[in-house]
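A structural walkthrough
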Amino acid sequence: METLKKFFPLSFQRTDTVANLIVGILIYIVVGIVAGAVIWLATLLGIWIPVIGAIIGWALGVVGTLVDVYCLAGIVIQILVFAKVLKD
């Protein structure tokens, strides 16, 4: 449990009320959207240089996937803590 608290601190902080739960989920959603937009812009700029663009596109795809998985896991953990399935 301590490892989860280190990797997902927001999921364990905002669990006392429904309003805080919604705010915490919205934070994860906004982080995912902002990261996706930044990665999209960087990939768009990398298209102009074909070889480097391909490498950048692949690397940013991996980073984008990791950010999306982190945000989804954070939302699931936060809901489980709110529902008292996981003890904080």
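Structural data are supplied above this passage.
Only a predicted model underlies this, so the values are computations on that prediction, with no experimental measurement involved.

What follows covers unusual backbone geometry. One non-glycine residue, Lys 84, lies in positive phi territory at about 65°. The topology assignment puts Lys 84 in the segment after helix H4 (50–82). Classification of Lys 84 by relative accessible area gives exposed; the value is 57%.

Here the focus is the packing of aromatic side chains. The relation between two aromatic rings is expressed through the spacing of the ring centres and the mutual angle of the planes. Tallying each qualifying case throughout the model produces 2 aromatic pairs. Judged by centre distance (6.2 Å) and plane angle (65°), the ring pair of Tyr 28 and Tyr 70 falls under edge-to-face. Remark: Tyr 70 occurs in helix H4 and Tyr 28 occurs in helix H3 (residues 18–46); sequence separation between them is 42 residues. Ring pairing ties together the aromatic residues Phe 8, Tyr 28 and Tyr 70, which thus form one cluster. The cationic tip of Lys 5 hangs over the ring face of Phe 12; the distance from NZ or CZ to the ring centre is 5.9 Å.

Once that is clear, we can look at a nonpolar patch on the surface. A surface patch of nonpolar side chains, amounting to about 450 Å² of accessible area, comprises Val 18, Ile 22, Leu 26, Ile 29 and Ile 33. Here Ile 22 shows up in helix H3.

Among the structural elements, Thr 17 can be located in the loop between helix H2 (9–13) and H3. Remark: the alpha-carbon pair of Thr 17 and Phe 82, spanning 65 residues in sequence, is separated by 8.2 Å.

So, about the side chain of Ser 11. As for its placement among the helices and strands, Ser 11 is situated in helix H2. Among the polar contacts made by the side chain of Ser 11, one reaches the side chain of Tyr 28 at a distance of 2.9 Å. Once residues lying within four places of it in the same chain are set aside, the contact partners of Ser 11 are Tyr 28, Gly 74, Ile 77, Gln 78 and Val 81.

So, on to the environment of Thr 65. Residue position: Thr 65 is located in helix H4. With relative accessibility at 46%, the residue Thr 65 sits in the partly exposed group. As a C-alpha pair, Thr 65 and Gly 36 span 29 residues in sequence and 9.3 Å in three-dimensional space.

The subject of this paragraph is the side chain of Gln 78. Inspection of the secondary structure assignment puts Gln 78 in helix H4. Residues in contact with Gln 78, not counting those within four places in the same chain, are Leu 10, Ser 11, Arg 14, Thr 15, Asn 20, Leu 21, Gly 24, Ile 25 and Tyr 28.

Conventions and cut-offs
Residue indices begin from 1 for each chain and proceed along its sequence in written order. Under the rules for a predicted model, residues below a pLDDT of 70 receive no local features and side-chain atom pairs below 80 are neither given nor counted, while totals for whole chains, interfaces and linings still include all residues. Working from all heavy atoms in the structure, the side-chain values ignore hydrogens and water. Numbering of helices and strands starts at the N terminus; helices are DSSP runs of H or I of at least 4 residues and strands are runs of E of at least 2. Type-normalised accessible area, obtained with a 1.4 Å probe on protein chains alone, sets the label of each residue: buried when under 20%, exposed when over 50%, and partly exposed for intermediate values. Centres within 6.5 Å are what make two rings of Phe, Tyr or Trp a pair, Trp counting through its six-membered ring; a difference in plane orientation under 30 degrees is then read as stacked, over 60 as edge-to-face, and the rest as tilted. Only Lys NZ and Arg CZ are tested; either one counts as a charge over a ring when it is within 6 Å of the ring centre and within 35 degrees of the ring normal. Exposure above 30% relative accessible area and the lack of any salt bridge qualify a residue for a patch; like charges then connect within 9 Å, and the nonpolar side chains Val, Leu, Ile, Met, Phe, Trp and Tyr within 5 Å. The Shrake-Rupley method, run with a 1.4 Å probe, gives the accessible areas here. Residue values count only the displayed protein chains as cover. Take a side-chain nitrogen of Lys or Arg and a carboxyl oxygen of Asp or Glu: if they are within 4 Å of each other, that pair is a salt bridge. Here a polar contact is recorded for every N or O atom pair within 3.5 Å, except that within protein the pair must consist of a potential hydrogen donor and a potential acceptor, and residues adjacent in sequence are included only if both atoms are side-chain atoms. Any pair of residues with heavy atoms lying within 4.5 Å of one another is described as a contacting pair.

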